[in-house]
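Topology and contacts: notes
Spelled out from the first residue to the last, the chains are:
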Amino acid sequence: MGFASFWDKIEPYFNTINHAIIAVVSVYYTVFCWDIGASNLSLHIWLAGIGYHLLMAEAIIGIYQGNSWSRQHSRRSRFNIHWIMQAVGSTLSISGVLVQWFAYGKHHMNNYHSFLGIISIFFMMGAFLNGTIALWAPEIRKWIKPVYSRWFHNVIGIIAFAIGMASISHGYDLRDFSRRSTVPIMYALKWAAYVTTVLCLIGAVKSLYEQTKGVIAGIRGSLSTSTSELPLKS
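Residues numbered from 1 in each chain as written. Predicted model: local features only at pLDDT ≥ 70, side-chain atom pairs only at ≥ 80, totals over all residues. Heavy atoms only, no water.

The way to describe two aromatic rings as a pair is by their centre distance and the angle between their planes. One pass over the full model with this rule turns up six aromatic pairs. Pairing W83 with F128 gives two aromatic rings, centres 5.9 Å apart and planes at 25°, and the pair type is stacked. You can see W83 sitting in helix α3 (residues 75-104) and its partner F128 sitting in helix α4 (residues 112-136), a full 45 residues away along the chain. Overall, the relative accessible area of 24% leaves F128 in the partly exposed class. (Phe/Tyr/Trp six-rings, centres within 6.5 Å; stacked < 30°, edge-to-face > 60°. Helix = DSSP H or I, 4+ residues; strand = E, 2+ residues; numbered from the N terminus. Buried < 20%, exposed > 50% of the residue type's maximum accessible area, 1.4 Å probe, protein only.)

Let us look at a nonpolar patch on the surface. Together, L98, W101, F102, M109 and F115 make up an exposed nonpolar region whose accessible area comes to about 530 Å². Mapping F115 onto the fold places it in helix α4. Owing to a relative accessible area of 47%, F115 belongs among the partly exposed residues under this scheme. (Patch = residues over 30% accessible without salt bridge, like charges linked within 9 Å, V, L, I, M, F, W, Y side chains within 5 Å. Areas by Shrake-Rupley, 256 points an atom, 1.4 Å probe, with all protein chains shown as cover. Salt bridge = Lys/Arg side-chain N within 4 Å of Asp/Glu carboxyl O.)

Here the protein chain averages 85 in pLDDT, and 87% of its residues register 70 or above. Summarising per-element confidence for the protein chain, the mean pLDDT is lowest in α4 (83) and highest in helix α2 (residues 40-62) (93). (pLDDT = per-residue confidence, 0-100.)

Tracing the sequence through the fold places N67 in the loop between α2 and α3. At a separation of 2.8 Å, a polar atom in the side chain of N67 contacts the side chain of H19. Those residues within four positions of N67 in sequence are excluded, and the remaining contacts are N15, H19, I61 and G62. (Polar contact = N/O pair within 3.5 Å; in protein donor to acceptor, adjacent residues only side chain to side chain. Contact = heavy atoms within 4.5 Å.)

On to empty space enclosed by the protein, then. Taken as a whole and judged by the stated rule, the model has one cavity of 30 Å³ or more. Of the voids in this model, the largest cavity is the one considered here, and its volume is about 120 Å³. Together, W7, E11, F14, N15, N18, I61, Y64, G66, L199, C200, I202 and G203 line the largest cavity. When residues of the lining of the largest cavity are traced back to their parent elements, those giving at least two are α1 (3-36) and α7 (183-228). Looking at the lining of the largest cavity, the element that brings in the most residues is α1, giving five residues. (1 Å grid on protein atoms, 1.4 Å probe; cavity = no way out; pocket = protein on both sides within 12 Å on 5 of 7 lines; lining within 4 Å. Points joined across faces, edges and corners; volume = space filled by probe spheres on them.)

The biggest cluster of nonpolar side chains holds 38 residues, and the ones touching the most others in it are Y29, I45, F161, F177 and C200. Counting residues per element, the ones that place at least two in this core are α1, α2, α3, α4, α5 (146-171) and α7. Top contributing element to this core by residue count: α2, with eleven residues. Apart from residues no more than four positions distant in its own chain, F177 is found in contact with Y28, F32, I45, G171, Y172, M186 and L189. (Core = buried A, V, L, I, M, F, W, Y, C linked by side-chain atoms within 4.5 Å.)

What follows is the structure, encoded as structure tokens:
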């Protein structure tokens, strides 16, 4: 049995584990924020946490054919669900960042959590804009081949999610969170972020690999066509 066949057999179990981790962390965010009451901190944690750790994570794995709750849907349906979850997740995440920005301004940009969070938002907006154009503007395909736009969307989407989850992981070290939690829970949440990031991006990276081969083949084909159209020297 090759590795590919072995992975196909165990992948559903990892997929279930990933969904369970996402659900548990999302419930913890909700309970944690409910306990500390309405504040800039609770809004920031809940909006950004649910936006990234729940909706963005599920949007990424939802488009993957091996995902449990979306594999029965058609490819078009998975793309639509992905877009909707990404739209809502992006809105919540950006709102969570803006809550802290309006409360503290640039003085909040003094740690890895804030810095990485801002960077991820820019990549997220780029991925969302690119995905929206690719999905809802068919006329764009006359100018840009779908394989190129999908490849670009996948690249910046992977970067946005990875940086965003890194920001969340660093957020657990901040005093505002750590003094309201315990060390075991902080470590558990960090490992949950690491595991979720890896498991969510497996399908995206596999898709990116196939898309990269398509992009390279397209470039080679374009170069061959351009070369064949050159006039022959007499």
